[in-house]
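# Architecture at a glance
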Amino acid sequence: MSKRILTIFMIIFVIFLYAPTILLPIFAFNDSSIIAFPLSGFTFDWFKSLGAADELRKAAGTSLIIATSSSIIATMLALLATSATVRYKFPGKGAMIGTIMLPMVLPEIIIGVSLLTVVLLAGLKLSIYTIIMGHVLICTPFCIAILRSSFQQLDPSLEEASLDLGESRATTFRRVTLPLIMPSVISSLLIGFTISLDEFVIAFFLSGTEPTLPVYIWSQLRFPQRIPSVMALGTLLLILSVVLLTLSEFLRRRSARRLGQTSTSGAL
Amino acid sequence: MMKRLQLDSDARRGLSQISLPLAFSVLLLAAPLAILLAMSFWTQDFLTLDRTFTLANFKEAWTSPVYRTLMLRSLKISIIVTVLTVGLAYPAAYYMSFVAPNNRKALLVFLITIPFWTSYLMRIFLWKVILGFNGVVNGSLMGLGIIDAPLDWISYNQFAVVITLSHAWLPFAVLPIFVVMEKVNRSYLEAAQDLGDTPFQRFLRITLPLSMPGVVAATLIVFIPTIGDYVTPRLVGGPDGLMIANMIEIQFKNANNAPLGAALALSALVLVSSVAGIYVWLNRRYLQSEGAA
């Protein structure tokens, strides 16, 4: 009985979750500049109009640079932090990793305004670098969460074997550890990229003359006639995110399988 | 210096590896927060900053009726959103962990995360479309003949803010609860059943206390950041649904009063952190009493 109630609940829950997502492509293809039902017809015009928007192309370029740099830097920092916390015991470990993970529970506006204050006081100019700094801060905890499980599953005897055979630590990392955790590393890069690409609050506070894609979308939402094009853009971004995340999930599972296999062969 | 020499090589390696990410966090998070704190004790007159120490900003943040109203409203909305989100996420996580077949679990996790990769701004905007005067909800209810005129209590108010924010945070609440539930040892449940517990007693005495750490994590992940949201109130809140973050943004951007903005931001952070602290403490008490029982 309770199982049936829970199943029905879950179905409603999923419908609620998907409600806005389903509307996005519907209005992106709807032949009317007013975002409301009833729908009036099918059109590709809103997608075509995106090609002509210069500002949009510039914003997309800025976002790509920021998302790529942030995800690479965040993944490298996360690799160091995860390797240290999973494998070694040292004093102050809890407080240190707590500081690094803090942005996960901190309101983004606090990160935004505190970095803004520093930039203003130091007399620096807001630029894509200031946004990258903010994005690395918020991406790193998510990258750590992804990398942690693969570090935990990593069989230490493989690294020990490499060290015993006379390889240096750096070579061991490059030739043994990194190939084993590679799928998670890529997964971490993709998640970091997706988070940064979609992040608005920090980018809004820290962007100077070059807006990111979400900051551009925000500026467009004020003009009702631009909204259908924004819907088309949102649809494209959704497709991109789903492709990246499917890829990331696929890699994560392959990584789990790979590590699982190596640990059984290690036991043998 | 002596202490450092006493550390074994493992500890030293760990410290050297964590030093770079830690330095990054200290430099770009801890230090800016400290500077934000310093800023909140200064005053700004248009563009010139006066660095004499004063508590005037905090006094204004806590006594002025405008800020107090916004602060309390933000706290109220955050609490409602958290209760609603965690309340909905719990049965969903329960379904995923205890009802769904094992080979479906990964798919379900994936299924609930996908909608959240719809652009954050677009999702909020689409809620405005769903709840609006000519929106999806009003349109369908009127089409079905259930109502004659559009419902006005569902849009441009705090209700709309609560719905939109709860939707935004749901997966972040489901996942930690689900992860903890997955770790619940199923043999405890069998033991309780064998000893004559009804399914409900079994839930109250085993599943609920053991899944509590997930609930706490979910609560903190939702509650603290919610107070800082300013896009949702701006887009769906109407005049009556604005929150403290909107005021912080105004102080930093249009009003050129960064010190007051800093004081408001820190006050909001302290307020939610204290409420979160009380919650964690109460929860620990509950778990201790369960452990003792």
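Residues numbered from 1 in each chain as written. Chains lettered and ligands numbered in written order. Predicted model: local features only at pLDDT ≥ 70, side-chain atom pairs only at ≥ 80, totals over all residues. Heavy atoms only, no water.

### Overview of the overall build of chain A
The helix and strand inventory of chain A stands at 11 helices and 0 strands. For chain A, buried positions account for 51% of its 268 residues. Partitioning the contacts of chain A with sequence separation of at least 6, the portion at a separation of at least 24 is 72%. For chain A, the distance from the average position of its 20 positive side-chain charges to the average position of its 14 negative side-chain charges is 5 Å. (Helix = DSSP H or I, 4+ residues; strand = E, 2+ residues; numbered from the N terminus. Buried < 20%, exposed > 50% of the residue type's maximum accessible area, 1.4 Å probe, protein only. Contact = heavy atoms within 4.5 Å. Lys, Arg positive; Asp, Glu negative; His and termini not counted. Charge placed at Lys NZ, Arg CZ, Asp CG, Glu CD.)

### Examining the overall build of chain B
Of the regular secondary structure elements, chain B holds 13 helices and 2 strands. Scaling as 2.2 N^0.38, a compact globule of 293 residues should have a C-alpha radius of gyration of about 19 Å, whereas chain B reaches 24 Å, well beyond that. In terms of overall dimensions, chain B has C-alpha extents of about 80 × 75 × 35 Å along its principal axes. For chain B, buried positions account for 53% of its 293 residues. Taking the intrachain contacts of chain B between residues at least 6 apart in sequence as the baseline, contacts between residues at least 24 apart amount to 68%. Here chain B holds 21 positive side-chain charges and 15 negative ones, and the gap between their average locations is 6 Å. (Rg over C-alpha atoms; globule rule 2.2 N^0.38 Å.)

### A closer look at helix α2 (residues 45-52) of chain A
Residues and elements named next belong to chain A. Within α2, the full set of buried residues consists of W46, F47 and L50. All buried residues of α2 project into a common sector of 105 degrees when viewed along the axis, lining one side. Within α2, the exposed residues directed more than 90 degrees away from the buried face are K48 and A52. (Arc of directions from axis to C-beta.)

### Section: the packing of aromatic side chains
Within this structure, the stated rule accounts for 20 aromatic pairs over all chains. Ring geometry for F29(A) and F42(A): centres 5.1 Å apart, planes at 10 degrees, overall stacked. Of this pair, F29(A) sits in the loop between α1 (2-28) and α2 while F42(A) sits in the loop between α1 and α2; the two residues are 13 residues apart in sequence, bridging distant segments of the chain. With a centroid separation of 4.9 Å and 35 degrees between ring planes, the pair formed by F29(A) and F47(A) is classed as tilted. Of this pair, F29(A) sits in the loop between α1 and α2 while F47(A) is found in helix α2, placing the two residues 18 residues apart along the sequence. An aromatic cluster is present here, built from F200(A), F204(A), F205(A), W218(A) and Y230(B) joined pairwise through their rings. Across the ring face of W42(B), the terminal group of R51(B) is positioned such that the distance to the ring centre comes to 4.9 Å. (Phe/Tyr/Trp six-rings, centres within 6.5 Å; stacked < 30°, edge-to-face > 60°. Lys NZ or Arg CZ within 6 Å of the ring centre and 35° of its normal.)

### Here we look at the confidence of the model for chain B
Put simply, chain B has an average pLDDT of 88, and 97% of its residues get 70 or more. By mean pLDDT, the top-scoring element of chain B is helix α4 (residues 65-99) of chain B (95), and the lowest-scoring one is helix α1 (residues 2-6) of chain B (54). (pLDDT = per-residue confidence, 0-100.)

### Regarding the interface of chain B and chain A
Interfaces are frequently sized by the accessible area removed from exposure as the parts join. Counting residues at the interface gives 76 residues for chain B and 76 residues for chain A. Carbon and sulfur atoms make up 83% of the area that chain B and chain A hide from each other, which totals about 7,200 Å². Applying the counting rule to chain B against chain A returns 0 salt bridges. Our count for the contact surface shared by chain B and chain A stands at 7 residue pairs in polar contact (both at pLDDT 80 or more). Considering each element in turn, the side of chain B that touches chain A owes the most residues, 19 residues, to helix α2 (residues 9-40) of chain B. In terms of residue class, the side of chain B that touches chain A is built from 61 nonpolar, 8 polar and 7 charged. (Buried area = accessible area lost by both parts, 1.4 Å probe. Salt bridge = Lys/Arg side-chain N within 4 Å of Asp/Glu carboxyl O. Polar contact = N/O pair within 3.5 Å; in protein donor to acceptor, adjacent residues only side chain to side chain. Nonpolar A, V, L, I, M, F, W, Y, C, P; charged D, E, K, R; others polar.)

### Details of the pattern of salt bridges
What the rule picks out here adds up to 8 salt bridges over all chains. The shortest N-O distance in the salt bridge between E167(A) and R175(A) comes to 3.2 Å. Its salt-bridge partner being K105(B), residue E182(B) comes within 3.0 Å of it at the nearest N-O pair. Of this pair, E182(B) sits in helix α8 (residues 158-182) while K105(B) sits in helix α5 (residues 105-113); the two residues are 77 residues apart in sequence, bridging distant segments of the chain. When salt bridges that share partners are traced, they join K105(B), E182(B) and R186(B) into one network.

### Quick look at the side chain of H135(A)
Residue position: H135(A) is located in helix α6 (residues 128-153). Assessed through its relative accessible area of 1%, H135(A) is described here as buried.

### Structural notes on the side chain of S166(B)
As for its position among the elements, S166(B) is in helix α8. Beyond its immediate chain neighbours, meaning those up to four positions away, S166(B) contacts V81(B), L84(B) and T85(B).

### So, the nonpolar core
Grouped together as the largest cluster of nonpolar side chains are 176 residues, with contacts concentrated most on F200(A) and M231(A). It is α4(B) that contributes the most residues to this core, 14 residues altogether. Apart from residues no more than four positions distant in its own chain, M231(A) is found in contact with L24(A), F27(A), A28(A), I35(A), M122(B), F125(B) and L126(B). (Core = buried A, V, L, I, M, F, W, Y, C linked by side-chain atoms within 4.5 Å.)

### With respect to a nonpolar patch on the surface
Residues and elements named next belong to chain A. Taken together, L236, I239 and V243 make up a surface patch of nonpolar side chains, about 270 Å² in accessible area. Among the secondary structure elements, L236 is positioned in helix α11 (residues 227-267). Its relative accessible area of 42% is what places L236 among the partly exposed residues. (Patch = residues over 30% accessible without salt bridge, like charges linked within 9 Å, V, L, I, M, F, W, Y side chains within 5 Å. Areas by Shrake-Rupley, 256 points an atom, 1.4 Å probe, with all protein chains shown as cover.)

### As for the confidence of the model for chain A
Detailed conclusions should not be drawn from predicted coordinates in areas where pLDDT is low. Residue and element names in this part refer to chain A. Mean pLDDT over chain A works out to 86, with 96% of the residues at or above the 70 mark. Averaged pLDDT values for the elements of chain A fall to 74 in α11 and rise to 94 in helix α3 (residues 54-87). Low pLDDT, under 50, characterises residues 262-268; the stretch is placed with 5 contacts to residues that sit more than four places away or in other chains.

### Regarding the environment of S114(A)
By the secondary structure assignment, S114(A) is in helix α5 (residues 108-121). As a C-alpha pair, S114(A) and I22(A) span 92 residues in sequence and 36 Å in three-dimensional space. Here S114(A) is in contact with P32(B), L33(B) and L36(B), once residues within four sequence places are set aside.

### Section: the packing of α1(A) against α4(B)
Two packed helices can be described by the angle between their axes and the distance between those axes. Following both chains from N to C, one finds α1(A) and α4(B) inclined at 120 degrees, their axes separated by 10 Å at the closest point. In terms of orientation, α1(A) and α4(B) fall into the oblique class. Seen along the crossing, α1(A) lies across α4(B) with a hand that is left-handed. Here K3(A), L6(A), T7(A), F9(A), M10(A) and F13(A) of α1(A) come into contact with α4(B), specifically with L88(B), A89(B), P91(B), A92(B), Y94(B), Y95(B), M96(B) and V99(B). Here the residues of the contact of α1(A) with α4(B) sort into 12 nonpolar, 1 polar and 1 charged. (Axes fitted to C-alpha atoms, helices over the stretch in contact; angles between N-to-C directions. Parallel < 35°, antiparallel > 145°, perpendicular 65-115°, else oblique. Left-handed = near helix turned anticlockwise from the far one by under 90°.)

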